[in-house]
Amino acid sequence: MTEHVEWSEPEAPAAPASTAVTPADAADAARLVAFGLQPRLQPARDQEYADLLRRYREDPPFARLADAVATGLGLIVLEVSPRAGMAVTAAEDSVFAVRMGDYARRTSADGSDRFLHGLAHLAVAAMAFPRPEDLADDGYIGRVTVNGVDAFVRQACHRLEERAAEQGENTDPASEAPGLEAAWRIWARRSATGATKDARRLAGSTTGIIAKAVGFLTDSGFLQRTGDDNGGTYRTTARYQLQVRDMAGGAAMAELLELGVVPVTDGTPTLLPPQDADDLELVADAGLPFHSA
């Protein structure tokens, strides 16, 4: 009797051991992260940056190495692409973290001013990307103006004042109370431009505070200045869209959008009735692009 012999496919050769990371690889990964920390640098204008981005996308071990370098520096990689470069944001414990107190102290040590600086950043983000679909669309470009953001916040203040009156809330709470319900009172009392004879914009005015915010965002590669109309006009960048996506779940951001303030193309806002007027619970500095400490 002939024995039946089962034939099987030959075993695939063992995968070669992964190539060890070389000092040159580590240097390239760190170099890519360094490029990511220069937010105004465009990959299209730097061949080395573009080459390292291509390597990141095509070489998974190198991508993991670059991610590890970023993590070690306390950075969170938001996206790596030709449009945004290596977009990173700082974790709370990172040496690169920007804190609201440090930012505001460059202009003023006053506690209410720090609150207004945070509200200005929140308002710029909300006006630049007022709808979820705007944040989701990689091709969307938001546009804001300094005067338009101030008008946006003042109309939001008016809506909050109406809501407080309707609900019989205290019309003059402590200025250090967290959330938009306290912030609108501080903002509404502040002059829009200041009291100089030639109506120059003072740093402590609300448009001065917004100008500082958009200036910081421009220096950080989040906005690009496009003109001088309406106190200064700006357009968003891919990096800013990624940054706002990261902060969009914050309670303060949600409440500001809940008011129904919708910007239009000339940089001025219109106020629409909110679809749902239920209050949201807020925490101090929620949704701001800074760490609170």
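Our structure's up above, just so we're on the same page.
Residues numbered from 1 in each chain as written. Predicted model: local features only at pLDDT ≥ 70, side-chain atom pairs only at ≥ 80, totals over all residues. Heavy atoms only, no water.

1. With respect to the sheet that holds strand β3 (residues 143–145)
Here is the rule we go by: We treat two strands as partners when DSSP finds at least two bridges between them. Counting from the N terminus, the helices are DSSP H or I runs at least four residues long and the strands are E runs at least two residues long. Axis geometry follows a simple rule: fit a line to the C-alpha atoms, using only the stretch in contact for helices, then measure angles between N-to-C directions, giving values from 0 to 180 degrees. In this description, contact between two residues means that some pair of their heavy atoms is separated by no more than 4.5 Å.
The sheet built from three strands is open, its strands ordered β3-β5-β4 with antiparallel pairing. One side of each edge strand has no neighbouring strand; the edge strands of this open sheet are β3 and β4 (223–227). Pairs of neighbouring strands in the sheet enclose a mean axial angle of 30 degrees, with direction left out of account. With respect to the sheet, helix α7 (residues 146–166) is in contact with β3 and β5 (233–236), its orientation differing from that of β3 by roughly 85 degrees.

2. Considerations on helix α9 (residues 206–219)
So the rule is basically this: A helix is expected to span 1.5 Å for every residue after the first. Accessible area is worked out with a 1.4 Å probe on protein chains only. A residue is then buried under 20% of its type maximum, exposed over 50%, and partly exposed in between.
Between its terminal C-alpha atoms α9 stretches 20 Å, which fits the 20 Å expected from 14 residues at 1.5 Å a residue. α9 sits mainly inside the fold: 11 of its 14 residues count as buried. Every buried residue of α9 is accounted for by T206, T207, G208, I209, I210, A211, A213, V214, F216, L217 and T218. Backbone geometry just after α9 places G221 at a positive phi near 80 degrees.

3. Focus: the packing of aromatic side chains
Test applied: Centres within 6.5 Å are what make two rings of Phe, Tyr or Trp a pair, Trp counting through its six-membered ring; a difference in plane orientation under 30 degrees is then read as stacked, over 60 as edge-to-face, and the rest as tilted. Placement of a charge over a ring requires the Lys NZ or Arg CZ to be within 6 Å of the ring centre, with the centre-to-atom vector within 35 degrees of the ring normal.
Scanning the model with the defined rule gives four aromatic pairs in all. Ring centres of F129 and Y140 lie 5.9 Å apart, and the angle between their planes is 50 degrees; on these two criteria the pair is classed as tilted. In this pair, F129 sits in the loop between α5 (111–128) and α6 (132–136) while Y140 sits in the loop between α6 and β3, placing the two residues 11 residues apart along the sequence. When its relative accessible area of 1% is taken as the criterion, F129 is described as buried. Here a set of aromatic residues connected by ring pairs shows up, and it is made of F129, Y140, F222 and Y240. Taking the ring centre of F62 as reference, the NZ or CZ of R55 above it sits at 4.1 Å.

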